[in-house]
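Notes for the structure review
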There are 2 protein chains.
Amino acid sequence: MATLLYTILTSTADGAIEVMGHVLPTAFGLLGEATLSERSSRSEVVYRLLRQAILEQALKPGTKLSEDTIADHFKVSRTSVRGALVRLNAEGIVDLRANKGACVAEPTLEEARDIFSLRRMLEAEVIRRLVADLGTSGFKRLEQHVREEQAALSDHGPLSIRLAGEFHILLAELTGSQALTRFVREVVSRCSLILARFARLHSPECAVDEHIQIIRALRSKDIAAAEKIMLEHLDAVELRAELNPDKAEPDISEILKRYASES
Amino acid sequence: MATLLYTILTSTADGAIEVMGHVLPTAFGLLGEATLSERSSRSEVVYRLLRQAILEQALKPGTKLSEDTIADHFKVSRTSVRGALVRLNAEGIVDLRANKGACVAEPTLEEARDIFSLRRMLEAEVIRRLVADLGTSGFKRLEQHVREEQAALSDHGPLSIRLAGEFHILLAELTGSQALTRFVREVVSRCSLILARFARLHSPECAVDEHIQIIRALRSKDIAAAEKIMLEHLDAVELRAELNPDKAEPDISEILKRYASES
DNA sequence: TATCCGACTATCGTATGCAATTGATGGCGC
DNA sequence: GCGCCATCAATTGCATACGATAGTCGGATA
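Just so we're clear, the structure is a prediction, and the values are computed from it rather than from any experiment. Starting afresh in each chain, residues are numbered from 1 along the sequence in its written order. The naming scheme follows written order: chains are lettered A onward, ligands numbered 1 onward. Only residues with pLDDT of at least 70 are given local features in this predicted model, and only at 80 or more are side-chain atom pairs given and counted; all residues enter the totals for whole chains, interfaces and linings. Working from all heavy atoms in the structure, the side-chain values ignore hydrogens and water.

1. Some thoughts on the protein's contact with DNA strand D
To be explicit about the condition: Nearness is defined per residue: one heavy atom within 4 Å of the molecule or strand is enough. We define a polar contact as two N or O atoms separated by no more than 3.5 Å, with the added condition that, inside protein, one atom must be a possible hydrogen donor and the other a possible acceptor, whereas residues neighbouring each other in sequence contribute only through side-chain atom pairs. Secondary structure is summarised from DSSP: a helix means a run of H or I of at least four residues, a strand means a run of E of at least two, and numbering begins at the N terminus for each.
Around DNA strand D, the surrounding shell holds 17 residues, and the nearest of these are A:Arg42, A:Ser77, A:Thr79, A:Lys100 and B:Arg82. Backbone atoms, meaning sugar and phosphate, form 70% of the atoms of DNA strand D found within 4 Å of the protein. Contact distances for DNA strand D include 2.6 Å between a phosphate oxygen and a backbone N or O atom of A:Arg42. A:Thr79 places a side-chain nitrogen or oxygen 2.9 Å from a base nitrogen of DNA strand D. Elements supplying a minimum of two residues to the surface near DNA strand D: α5 (78-90) of chain A together with α5 (67-74) and α6 (78-90) of chain B. Residue contributions to the surface near DNA strand D peak at three residues, all from α5(A).

In structure tokens, the structure reads:
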């Protein structure tokens, strides 16, 4: 396994997707249910790397994900790539159009609002549960994560983008609810896509402060306050997404829809 | 299992898509994003049939899903089967153990309670949204669905089991929120597994009545009342699941856990 | 010159073959 | 007789090959 990862890391060093090689190591804890100890199949590795690349916005919404290209870069067969793409499609971060190849999903404005709405609901629930029973070790993990976020701030790179999202996934994990974690993972992923698509630029500095506030609120054991902070944080994130309808038309079909009725 | 594969086998004998005509006509709007007009790939067909078989409890939790066996019965290659299994795994209704094959997921008691808890939250949200804006056509679809449920009651078969679950998915669809629909689909699917695993027998008669009550509550536009009815309905479903810890130990590991600490 | 049609290319969908891993069975030593 | 190890069968993981489909480019015709 280690050898496989090594070959992939080195092989990407001279490929086009080399970005992903750099940031991989720190990512491994959170990226999936699978821990380091389990052997990873090739398909699994491709899945993780692609997912990571998308969440770090190295692969932007709309980017074509040709099976051949990816297979060549990772030095694996298309079979393994297909498996990864199917999974990513099931998570909603990759669109899979029959006979026309896959591409990074492009959430529309409507979907974006939808996702944020659900995210508020889910994460409010996370907070409620954590206020009820978050132990010392949980706080330790949160604080450790925030420290990593702060450390990553300096490079202003993809790492901080990803860590910002993973803070929320970590919160969900700490509830101990697998299903809730799954759903939060999904909305957070989709939010990454939304930000990549609509936000002018990601400004993670604020986010870290807000994350610290969330931890503090959790410590206070005040449900209402904690929930309020979380919702405000999510509002801030949505604000950063600049989901105003008059900019960045999501889709040609969206535009043409208005003309179709007049013809 | 054998019976199911047999029915599938015989019905696929004269063409894969026609088969689904028999069992899926009412479901087609629900079962996936794909509409009838799009051509379905083999992998897609296998996916739908397997999913349906699992949700109708023809394939029970724990059943081994050998690639070869399925491929032979469906007269397709293992490749198509694998694609379907990966998708089902992503939805959480199939477990995929590396090098050891797939099997229908076996939710533990703990997971079961977790799922029900989330389901309550999600479906309460569905109700809140529907009370706000459910149009005439929406009610028509709901009533049509309930009629189908009633018609299916007579055979006491798998169809009524599936339709009962799909009522909830239909509710979610009517909110217009893709993400919410996704999540509801997932919890409903998992609940099917849970019922298959723990419930003594499925008694769908009650469910239909309860579904009618839900529609009535939605008509009344009384959020609190509608939400209450839905939650009561879900409580009833959970009750039917008989999630009492002292019966039907989910897992050998669960049992041995208690012994491990004493060794 | 503009439009339509047909061949071409690139890419995907599927099948098949081989390598790798797991679990089992039988033989061997104790 | 009992336990351990090696070999074997079964099944999955992966790669490659082939057929099918969609988009593109060039030529023929009006």
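The structure having been displayed, the exposition proceeds.
2. Digging into the nonpolar core
For the record, the criterion: The set of buried Ala, Val, Leu, Ile, Met, Phe, Trp, Tyr and Cys residues whose side-chain atoms join them within 4.5 Å is what this entry labels a nonpolar core. Type-normalised accessible area, obtained with a 1.4 Å probe on protein chains alone, sets the label of each residue: buried when under 20%, exposed when over 50%, and partly exposed for intermediate values. The contact criterion used is simple: two residues touch if any of their non-hydrogen atoms lie within 4.5 Å.
The biggest cluster of nonpolar side chains holds 85 residues, and the ones touching the most others in it are A:Leu142, A:Leu171, A:Leu218, B:Leu142, B:Leu171 and B:Leu218. If we ignore the near neighbours within four places in the chain, the residues touching A:Leu142 are A:Leu134, A:Phe167, A:Leu170, A:Leu171, A:Leu174, A:Ile215 and A:Leu218.

3. Quick look at the relation of the copies chain B and chain A
Cut-off, in case you're wondering: Superposing the copies works by least squares over the C-alpha atoms of residues that have pLDDT at least 70 in both of them.
With an axial shift of 0.1 Å and an RMSD of 0.1 Å, the rotation relating chain B to chain A amounts to 180 degrees. As the rotation angle and translation indicate, the two copies are arranged about a two-fold axis. Interface overlap between copies is the fraction of interface residues in one copy that are interface residues in the other; for chain B against chain A it reaches 96%, indicating a shared surface.

4. Looking at the pairing of strand β2 (residues 94-97) of chain B
Residue and element names in this part refer to chain B. Defined as follows: Following DSSP output, two strands are said to pair if at least two bridges run between them.
One ladder, built from four bridges, connects β2 with strand β3 (residues 101-104); its direction is antiparallel. Each bridged residue has a counterpart across the sheet, and for Asp95 the counterpart in β3 is Cys103. Count of turn residues in the β2/β3 antiparallel hairpin: three residues, of which Asn99 carries a positive phi of about 65 degrees.

5. Considerations on the pattern of salt bridges
To keep things clear, this is the line we draw: Take a side-chain nitrogen of Lys or Arg and a carboxyl oxygen of Asp or Glu: if they are within 4 Å of each other, that pair is a salt bridge.
Across all of its chains, the model carries 42 salt bridges over all chains by this definition. Close ionic contact of A:Arg240 with A:Glu210 constitutes a salt bridge, the shortest N to O distance being 3.2 Å. Note that A:Arg240 is positioned in helix α11 (residues 223-241) and A:Glu210 in helix α10 (residues 204-220), a separation of 30 residues in sequence. The same class applies to A:Arg240 and to A:Glu210, which are both buried. Between A:Glu232 and A:Lys228 there is a salt bridge whose closest N-O contact spans 3.2 Å. One end of the pair is A:Glu232 and the other is A:Lys228, both in helix α11 and four residues apart, which spans about a single turn. A relative accessible area of 42% means that A:Glu232 is categorised as partly exposed. Through salt bridges with shared partners, a single ionic network connects A:Asp114, B:Glu125, B:Arg128, B:Arg129 and B:Glu227.

6. Re the packing of aromatic side chains
Each aromatic ring pair is specified by the distance between its two centres and by the angle formed by the two planes. For the record, the criterion: Pairing of aromatic side chains requires ring centres within 6.5 Å, counting the rings of Phe and Tyr and the six-membered ring of Trp. Pairs whose planes differ by under 30 degrees are stacked, by over 60 edge-to-face, and all others tilted. Whether a charge sits over a ring comes down to the Lys NZ or Arg CZ being within 6 Å of the ring centre and within 35 degrees of the ring normal.
Within the structure shown, the criterion is met by one aromatic pair over all chains. When the ring centre of A:Phe139 is taken as origin, the NZ or CZ atom of A:Arg219, which lies over that ring, is 4.2 Å away. Over the aromatic face of B:Tyr47 sits the side chain of B:Arg87, whose NZ or CZ is 3.7 Å from the ring centroid.

7. Points about the side chain of B:Ser177
Within the element layout of this structure, B:Ser177 appears in the loop between α9 (158-174) and α10 (178-198). Those residues in contact with B:Ser177 that sit more than four places away from it in its chain are A:Asp114, A:Leu118, B:Arg129 and B:Ala172.

8. Some remarks on the interface of chain B and chain A
The parts lose accessible area when they come together, and the size of an interface is often stated as this lost area. The line we're drawing: Computed with a 1.4 Å rolling probe, the buried area is the accessible surface lost when two parts are put together, summed over both parts. The nonpolar class holds Ala, Val, Leu, Ile, Met, Phe, Trp, Tyr, Cys and Pro. Asp, Glu, Lys and Arg form the charged class, and all remaining residues, Gly among them, are polar.
With 26 residues of chain B at the contact, the number on the chain A side is 26 residues. Both faces combined, the contact of chain B with chain A buries some 2,000 Å², and carbon together with sulfur accounts for 58% of it. For the interface between chain B and chain A, the tally reads four salt bridges. Notably, a salt bridge pairs A:Asp114 with B:Arg129, separated by 3.7 Å at the nearest N-O pair. Mapped onto the side of chain B that touches chain A, the elements with two or more residues apiece are α6, α7 (109-132) and α10 of chain B. The leading source of residues in the side of chain B that touches chain A is α7(B), at nine residues. Class assignment of the residues belonging to the side of chain B that touches chain A gives a composition of 10 nonpolar, seven polar and nine charged.

9. Digging into the protein's contact with DNA strand C
Near DNA strand C, the surroundings consist of 18 residues, among which A:Arg82, B:Arg42, B:Ser77, B:Thr79 and B:Lys100 are the closest. Side-chain polar atom of B:Arg42 to a phosphate oxygen of DNA strand C: 2.5 Å apart, as the coordinates give it. In the model, a base nitrogen of DNA strand C is placed 2.8 Å from a nitrogen or oxygen of the B:Thr79 side chain. Put simply, the parts of the chain that give the surface near DNA strand C at least two residues each are α4 (67-74) and α5 of chain A together with α4 (42-55) and α6 of chain B. Per-element accounting of the surface near DNA strand C gives the leading share, three residues, to α6(B). Class assignment of the residues belonging to the surface near DNA strand C gives a composition of two nonpolar, nine polar and seven charged.

10. Things to note about the sheet that holds β3(B)
Strand order in the open sheet made by the three strands is β1-β3-β2 (chain B), with antiparallel pairing throughout. Looking at the sheet topology across the chains shown, the edges are occupied by β1 (64-65) and β2 of chain B.

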